Structure formats: C-alpha cells, structure tokens
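# What the coordinates show
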Amino acid sequence: MIGRVLIVAGSDSGGGAGIQADIKAVTMLDAFAMTAITALTAQNTEGVHGVLPIDPAFIRQQMEVVLDDIGADSVKTGMLHDAAVIETVASVLDDRAPRVPLVLDPVMVAKGGAPLIQVNAIDALKTQLVPRATVLTPNLPEAEILCGQAIPDLDAMREAARALLSLGCGAVLLKGGHLAGDTVHDVLATESGLTEWTSTRIATRHTHGTGCTLASAIAAGLAQGMAVAAAVERARDYVHAAIASAPGFGHGHGPLDHAHPLRG
C-alpha cells in the first residue's frame, strides 16, 4: 500500500525542514506526499530570516481540493503559526477527513530559536487539534510549553507524556533529544501504557528538520496501515540513519540525508 499523506506545514527555503523535508521523508518511505503550505520562510541552516504567512482561506482551498480529489490516508501538520490557521485546519479536517489519522507536530520554535507560533495560538492548538490527533510529537521545549512544567529528566518525560495524553490525543511521542547525555530517550504514551526507545546520540550539528522528518515518517507509516508503535519505530530508524549520513551542508544546523535509503 503506497499511502497518501497530506502535509499541512510551512516551507523551508533551505530544504532541510518543513514541507521540503516532509516530502522527502514521505517519498523515501514509499508513500505519496501532498501539501497545503501554511507559510513561506526565508530560511537556511543559520536561522529563519523572514516569514510570509499564507491566508487561511487559501490554506483551506489547498486542503479541500486535494482531499476532494485525491483523498488522504493520513494527515501531518507542522507550522501552524496563528489561531486563525489552526481553526481553519481543524475545520477542514472535521469536514473532509474526520476519520483520517493525524500526526500533529506542534512546531513552536525553529532550531535557531526563532518563534514559529503566536503565543495566543497555543490554546487553540491544545483545544482544537490535539484532541483529534492520532499521534502528538512534541520535543521537550514544546512539551514544556504544552504542559506548563519543566521536563529535566527521563522520569519527568514519562510524567509529561502521560499528562499530554490526557489532553485527548490517541498517543504522544515525547522526543528526548534535548536532554543531555550520550543516550537519546523517546517515550510513547498510549492508553495501553508507555513504550520507550533509546539510541546512541550522534555528535553532530546537522540536525535541522529532525522533528519534521520524524513526524512525516510516522504519517507515512500510518497511511500504509502500520500500527502507531511500528510506525514510530520505523520512523526513528529512518531519522537516525539520516542524521548519521548528513551531508554537512551550511554553516549552522545542517540538513539530514533524507535520501540515504537510495544508497543502501
């Protein structure tokens, strides 16, 4: 099953994150990527230098024409910068794709520190999209914002994952890459309990787009009929290999090697 993935996210002109990373990941995992672009960014490995928001009415049109014609087996959201955009996306999903699995990547801050969501939009995200998400994929800074508490260690990660699950989503994958140490811990919380993965940290600055890539890889798995845990495990393996073989481009946080499966 190829699987159709509708990606609703911002564009990264540097090609490392956002829509560009999403399309690469979905394609390399043998699924079909479609897009509704929420914002254009002037961005490279050193940071976000400009943002041009897309009118919510046009975001709606992008989503509706794709869903009405091609359809989708999963939806992945990324950069949703304000409450109007969030409300629009939620409305279209309710109307056109109410039972389609949703992977919600709560993009809030760029790798270089630039904010990518308005503060007053966070409540809209929590109330309108998180409860309908099949999988929520925050990193630790994002989870701290959503939970309103610090997450300093693995025990706190487990507690936070459970707390986020209580917001109504089907599963929470809390990514632990921001914790110090040689081992990276990721925690998946579902109604059945917690599943944890560990991997050896790769010493590199080339990690731009890891969150976008991981969420899109999970969405590809769900679109292909995989269970959540299996989709997460395959996505983690894909991203880990993409970091390990990153091409080293740029002067800042460089992009991953999304095409590594082509080289065996």
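All of the points below concern the structure found in this document.

## Details of unusual backbone geometry
In this model, Asp30 sits at a positive phi of 70°, which is unusual for a non-glycine residue. Mapped onto the elements, Asp30 comes out in the loop between helix H1 (18-28) and strand S2 (32-44). For Asp30, a relative accessible area of 53% puts it in the exposed group.

## A short note on helix H5 (residues 140-147)
The complete set of buried residues in H5 reads Leu140, Glu142, Ala143 and Leu146. For H5, the angular spread of buried residues about the axis comes to 155°, placing them on one side. Structurally, H5 contributes buried residues whose contacts are with helix H4 (122-129), strand S6 (135-136), helix H6 (154-165) and strand S7 (172-175). A positive backbone phi angle near 75° is found at Gly148, which sits one or two residues after H5.

## Considering the packing of helix H2 (residues 56-69) against helix H3 (residues 83-96)
Taken N-terminus to C-terminus, the directions of H2 and H3 make an angle of 20°; their axes are 9 Å apart at the nearest point. On the basis of their axis angle, the class for H2 and H3 is roughly parallel. Relative to H3, H2 is oriented so that their crossing is right-handed. Taking contact as the criterion, the partners of Pro56, Ile59, Arg60, Met63, Glu64, Leu67 and Asp68 in H2 are, on H3, Ala84, Val85, Thr88, Val89, Ser91, Val92, Leu93, Asp95 and Arg96. A per-class count over the contact of H2 with H3 returns nine nonpolar, two polar and five charged.

## Thoughts on the environment of Ala230
Within the element layout of this structure, Ala230 appears in helix H8 (residues 228-244). Along the backbone, Ala230 and Ile218 are twelve residues apart, and their C-alpha atoms lie at a distance of 8.8 Å.

## Some thoughts on the pattern of salt bridges
Throughout the structure, instances matching the rule amount to eleven salt bridges. Put simply, Glu64 and Arg60 hold a salt bridge, and the shortest N to O gap is 3.2 Å. A residue pair is termed a helical-turn pair when its members lie 3 or 4 positions apart in one helix, as Glu64 and Arg60 do in helix H2 at four residues. Under the relative-accessibility criterion, Glu64 is labelled buried at 17%. Of the charged contacts in the structure, one is a salt bridge between Glu64 and Arg96, with a shortest N-O distance of 3.7 Å. Of the two residues, Glu64 sits in helix H2 while Arg96 sits in helix H3, which places them 32 residues apart along the sequence. Among the charged side chains, a salt-bridge network with shared partners connects Arg60, Glu64, Asp68 and Arg96.

What counts, and where the lines are drawn
- Residues numbered from 1 in each chain as written.
- Predicted model: local features only at pLDDT ≥ 70, side-chain atom pairs only at ≥ 80, totals over all residues.
- Heavy atoms only, no water.
- Helix = DSSP H or I, 4+ residues; strand = E, 2+ residues; numbered from the N terminus.
- Buried < 20%, exposed > 50% of the residue type's maximum accessible area, 1.4 Å probe, protein only.
- Arc of directions from axis to C-beta.
- Contact = heavy atoms within 4.5 Å.
- Axes fitted to C-alpha atoms, helices over the stretch in contact; angles between N-to-C directions.
- Parallel < 35°, antiparallel > 145°, perpendicular 65-115°, else oblique.
- Left-handed = near helix turned anticlockwise from the far one by under 90°.
- Nonpolar A, V, L, I, M, F, W, Y, C, P; charged D, E, K, R; others polar.
- Salt bridge = Lys/Arg side-chain N within 4 Å of Asp/Glu carboxyl O.

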